[in-house]
Amino acid sequence: MSRGEQQTSTPPAQRPVVADLPGRGAWALRDHPTTLWLSAALVVAAFGRGLPAADWLVIHLVLLGAVTHAVMVWSTHFAQALLKTPPGLDDRRQQGRRLALLLLGSSLVLVGVPAALWPVTLVGAACAAASVTWHGIALWRRLRSALPGRFRVTIRYYLAATACMPVGATFGVLLARHPADPWHSRLMVAHSVTMALGWLGLVVTGTLVTLWPTMLRARMDERAETLARQALPGLLAGLVTAVGGALADLRALAVIGLLAYAAGLAWWARALIAPARRSVPRRFATVSAACALSWFLASVITVAALLALQPDWTSIGGRYESVAVALAVGFALQLVLAALSHLVPSVLGGGPSAVRAGLARFEGGAPTRVVGHNLGLLLFLLPLPDATRAAAAVVVGLCVAAFLPLTVLAVLASVRARKAAGAAIPGAPTMRISKQERPFWFSPQVPAAISCLALVAVVSIGLGGAAAGGGPADAVVSTGHTTTVHVVAEGMHFTPSSVDVPRGDRLVIRLSNADRTTAHDLVLADGTRTPRLAPGATAALEVAVVRESMDGWCSVVGHRQMGMVLHIRTAGAPGATADTGAGTPPAATGTMHADHEGLSAAPTPFDPALPPLTAGRTHQVTLTVGEAEQEVAPGRWQRRWTFNGASPGPTLHGRVGDVFEVTLVNHATIGHSIDFHAGSRAPDEVMRTVPPGASLTYRFTATRAGIWLYHCSTMPMSAHLAAGLVGAVVIEPPELPAVERSYVFVQSEIYLGTNSSKGSADEVDAAKAGADTPDLVAFNGVADQYDTSPLPAQVGQRVRFWVLDAGPNRATSFHVVGAQFDTAYAEGAWLLRPGASRGGSQSLSLGPGQGGFVETVFDEPGHYPFVSHVMADAERGAHGIVQVRP
């Protein structure tokens, strides 16, 4: 025991300001919520990783639940101890009502945010803020009613803190609406600074001026009150400047504010040095409090460094998780555990022997717990393999969890000591608990704890490498960076439909349901999911460490098949595919209804307009076969085989009797050929396979009208057609009337390989093409493209749709939702002519290799979807929209 701890008598002016502790004895509403919130945080951390916003929930169970309740309780306790106001001024009933309101508000917030129930979050935040405001009014009444005395500045710290909390709660409510960056990151900084540095930080600094020497059992620095009074304006000025700079997008100003706050903190901390010199911290409470203050100062400086060094607010938000964990676990939680281990026995009372007995129980395994808490937290925050960080988190959790049984043991020891003291013979010496003679850090538990943590780190790195299929170098190492993306669910789409995430990043997806008519959710392949969101609702989904590419989808029945698939791609890793297992329906990419606004950005659309006829009757055409990676659906890529760089190839347009001289040039890596259905030729020569680098000339005369297919005829033909080597030749029937608009649709199937990521996409899957199991069905080569780029038309205009089924395998039945056809032509024959009868047509049915056209006149403005009425194919992407304007 140090000389300071042996001190039994100090001059009154230098003695720590303490008083008889009010409210001794048990009180459930005061004593239990902190322990219950802490227990809930441990349970969620251990078993609730699949819950929505699990990381957020753990942090706020600690900060909003356990720590905020403790702040309310102990600031009341110290205000009464310092001011000695009449008990009736703020009796237990009033305190209980405030604590009950806080409990209600905290519970609502902790339910509302993960469940994406913003009204519940709003009500909860209002209740919590009202409780703290009420608490501030009670403190102000105590201050006004108290006689002049020392350390009234502590109560002023408390009042400043209570003014911060409602402001920070407002920022939190705005964050729960999931605004887009940069506002999300700016609000996050403002919220965390206001709550951690204002609400919690000011209460802590105001309290430790008197509590620190009391915990050390040392004389207080004579300058303590003066230093605290001088530091408060600087702390407040720095806090306001930092928050204002974040909100105003003035990062330099925010940095200045944070540095000013750190300077004020350093000035205030001078009052802690002299007591620590007189009595070196060596008990659990004092060493933990010192470590907590170190984490606090380091967090303030880290936030300032992030604001100064990161290129933008999005990057700041992506790296903010480590700061939040350090503040919650390193600073706030550790300080609460330190304070409670000192204060709980004192509040229980029962005389000196009972208090000492309770304090002694809290010293059980103290060096191990302090080392495990702080060194484990440091390992968790470093960019180490995921398994190592998980093991470190377990160590920290065990060290924190140990406080719960120790609290029970401390209470029982205190009760036993109280009974023993009551039964003691008057005048007999009181039992004393022996004090630790050896300094804290000389305990053999310290090197043992460090060695155990090192062993845990080494073993976890090894196991993580083995689980990854190789040595330790193969383990996924957390980068410490967070990638945050905003995804909108609307119209059977996610916008964006794919996201790129560096391997090892933490991923946060903020999902908003912008659909006005139905609910959506997001489920990832690893089981992480959001709740089902009503229209207008939002939620956040977190992946702790992204190891590989994966898909996510909406789990509402049929929505995945309709195209609600989100592709998460990692740098350098194969792209995920929608077909995740046997029996899984192929993922589609689009929607059939007309509510199309806000859909994901599609690739540049293939122009479907029919090229105009030229005056010449001989058409000289060069078709160059190549290979190119193309986006075949939003976020999904394939290495396509192309004519003139496109798939399908260019549409040729002529009249009956026109001559076409086509030169086929093969710039691909394998042999290809061409077959024109629009002309009659012996296949032997003109349809032969041309090797790479060679060419041939194909001449034919168009003797019959219709829309004809041309395609590569090299075997296996199913693969060559499915890879994109198809196109259309339109030969107009004689005397075909002109129309205002003519569109050409070449329907084909797409068979994706294993990898559909940009930059490394596979070619066509020939086995799928041979088995007729398409991943996508598209008009003009890209599924979904005409949903996001609707085709224009006007009321009263006659629109002609030329349709060609290029296959290679599936038939089509072309239909325009909301329209009727008065003209139909298929395979060289008129099925319906305008004015010939009062009949109409609803669809144009075609087999692979067949074509025709239909016409309609739109009578009113609106969005008219067009689809293949083979509905499985429509849901695979054979659909689009005609936007008709007045």
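Residues numbered from 1 in each chain as written. Predicted model: local features only at pLDDT ≥ 70, side-chain atom pairs only at ≥ 80, totals over all residues. Heavy atoms only, no water.

1. Some details on helix H9 (residues 224-247)
- For H9, with 24 residues, the first-to-last C-alpha span of 34 Å sits near the 34 Å given by 1.5 Å per residue.
- Most pronounced at Ala231, the bend in H9 amounts to some 30°, and the proline Pro233 follows within four residues.
- Where H9 ends, the next residue or the one after it, Asp249, has phi of about 60°, a positive value. (Helix = DSSP H or I, 4+ residues; strand = E, 2+ residues; numbered from the N terminus. Expected span 1.5 Å × (residues − 1). Bend = angle between axes of the 7 residues up to and from the residue.)

2. Here's the deal with the nonpolar core
- Counting residues in each nonpolar core, the largest one holds 129 residues, and the members touching the most others are Trp199, Trp268 and Phe331.
- Setting aside residues no more than four positions away along its own chain, Phe331 makes contact with Ala196, Leu200, Val204, Ala292, Trp295, Phe296 and Ala326.
- Among the nonpolar cores identified, the runner-up in size contains 31 residues, and Leu623, Val625, Leu652 and Tyr698 belong to it. (Core = buried A, V, L, I, M, F, W, Y, C linked by side-chain atoms within 4.5 Å. Buried < 20%, exposed > 50% of the residue type's maximum accessible area, 1.4 Å probe, protein only. Contact = heavy atoms within 4.5 Å.)

3. Comments concerning a nonpolar patch on the surface
- On the surface, Leu250, Leu253 and Ile256 cluster together to form a nonpolar patch covering roughly 270 Å² of accessible area.
- Tracing the backbone shows Leu253 in helix H10 (residues 251-278).
- Judged by relative accessible area, which is 37%, Leu253 ranks as partly exposed. (Patch = residues over 30% accessible without salt bridge, like charges linked within 9 Å, V, L, I, M, F, W, Y side chains within 5 Å. Areas by Shrake-Rupley, 256 points an atom, 1.4 Å probe, with all protein chains shown as cover. Salt bridge = Lys/Arg side-chain N within 4 Å of Asp/Glu carboxyl O.)

4. Observations concerning the environment of Arg704
- For Arg704, the location among the structural elements is in the loop between strand S14 (695-701) and strand S15 (706-711).
- Taking the C-alpha atoms as reference points, Arg704 and Val656, separated by 48 residues in sequence, lie 5.8 Å from one another.
- In contact with Arg704, other than residues within four places in its own chain, are Val656 and Ile731.
- In this structure the side chain of Arg704 is engaged in a polar contact, spanning 3.4 Å, whose partner is the side chain of Thr703. (Polar contact = N/O pair within 3.5 Å; in protein donor to acceptor, adjacent residues only side chain to side chain.)

5. Let's talk about the packing of aromatic side chains
- Summed over all chains, the structure comprises 26 aromatic pairs.
- For the ring pair Phe660 and Phe700, a centre distance of 5.2 Å and an interplane angle of 10° mean the geometry is stacked. Of this pair, Phe660 sits in strand S12 (residues 659-666) while Phe700 sits in strand S14; the two residues are 40 residues apart in sequence, bridging distant segments of the chain.
- A relative accessible area of 1% places Phe660 in the buried class.
- Look at Phe779 and Phe866: their rings are 5.7 Å apart centre to centre, the planes differ by 45°, and that puts the pair in the tilted class. On the criterion of sequence distance, the pair formed by Phe779 in strand S18 (residues 776-779) and Phe866 in strand S26 (residues 862-868) is long-range, its members being 87 residues apart. Note on accessibility: Phe779 and Phe866 belong to one class, buried.
- Grouping aromatic residues by their ring pairs yields a cluster made of Tyr743, Phe745, Phe779, Tyr786, Phe801, Phe814, Phe821 and Phe866.
- One cation-aromatic arrangement involves Arg177 over Trp118; the distance from NZ or CZ to the ring centre is 4.5 Å. (Phe/Tyr/Trp six-rings, centres within 6.5 Å; stacked < 30°, edge-to-face > 60°. Lys NZ or Arg CZ within 6 Å of the ring centre and 35° of its normal.)

6. Points about the sheet that holds strand S27 (residues 879-885)
- Strand order in the open sheet made by the 5 strands is S19-S27-S26-S21-S24, with mixed pairing throughout. Because the sheet does not close on itself, it has two edges, and the strands there are strand S19 (791-794) and strand S24 (844-846). With direction set aside, neighbouring strand axes in the sheet form an average angle of 20°.
- In this structure, S19 lies alongside S27, joined through 4 bridges in parallel fashion. Within S27, the residue paired with Ala793 across the bridge is Val884. (Pairing = 2+ DSSP bridges. Axes fitted to C-alpha atoms, helices over the stretch in contact; angles between N-to-C directions.)

7. What about the side chain of Arg506?
- As for its position among the elements, Arg506 is in strand S4 (residues 506-513).
- A polar side-chain atom of Arg506 sits 3.2 Å from a polar atom in the side chain of Thr482.
- For Arg506, the residues in contact, after removing those within four places along its chain, are Asp55, Glu321, His481, Thr482, Thr483, Glu542, Val543 and Ala544.

8. Comments concerning the sheet that holds strand S8 (residues 565-570)
- The sheet built from 4 strands is open, its strands ordered S3-S8-S7-S5 with mixed pairing. Two strands bound the open sheet, and with one partner strand each, they are strand S3 (498-501) and strand S5 (523-524).
- Relative to strand S7 (residues 550-553), S5 is paired through 2 bridges, and the arrangement is antiparallel. In the strand pairing of S7, Val523 is matched with Trp553.

9. Thoughts on unusual backbone geometry
- The omega torsion of the bond from Thr495 to Pro496 falls at -5°, within 30 degrees of zero and hence cis.
- Positionally, Pro496 belongs in the loop between strand S2 (493-495) and S3.
- Omega for the peptide link from Gly807 to Pro808 comes to 15°, which places this bond in the cis form.
- Mapped onto the elements, Pro808 comes out in the loop between strand S20 (798-807) and strand S21 (812-816).
- One non-glycine residue, Arg217, lies in positive phi territory at about 60°.
- The topology assignment puts Arg217 in the loop between helix H8 (183-216) and H9.
- Residue Asp772 is not a glycine yet carries a positive backbone phi of 60°.
- With respect to the helices, strands and loops of the structure, Asp772 is situated in the loop between helix H21 (766-771) and S18.

10. Points about the pattern of salt bridges
- Summed over the entire model, instances satisfying the criterion amount to 19 salt bridges.
- For Arg876, the salt bridge goes to Asp873, with nearest N and O atoms at 3.1 Å.
- One salt-bridge network, in which partners are shared between bridges, spans Asp772, Arg810, Asp873 and Arg876.

11. Some thoughts on the confidence of the model for the protein
- Here the protein averages 84 in pLDDT, and 88% of its residues register 70 or above.
- A low-confidence stretch, residues 1-23 stays under pLDDT 50, and its non-local contacts, those more than four residues away or across chains, total 47 contacts.
- Segment residues 424-437 is flagged for pLDDT under 50; beyond a separation of four residues in sequence, or across chains, it makes 16 contacts in the model. (pLDDT = per-residue confidence, 0-100.)

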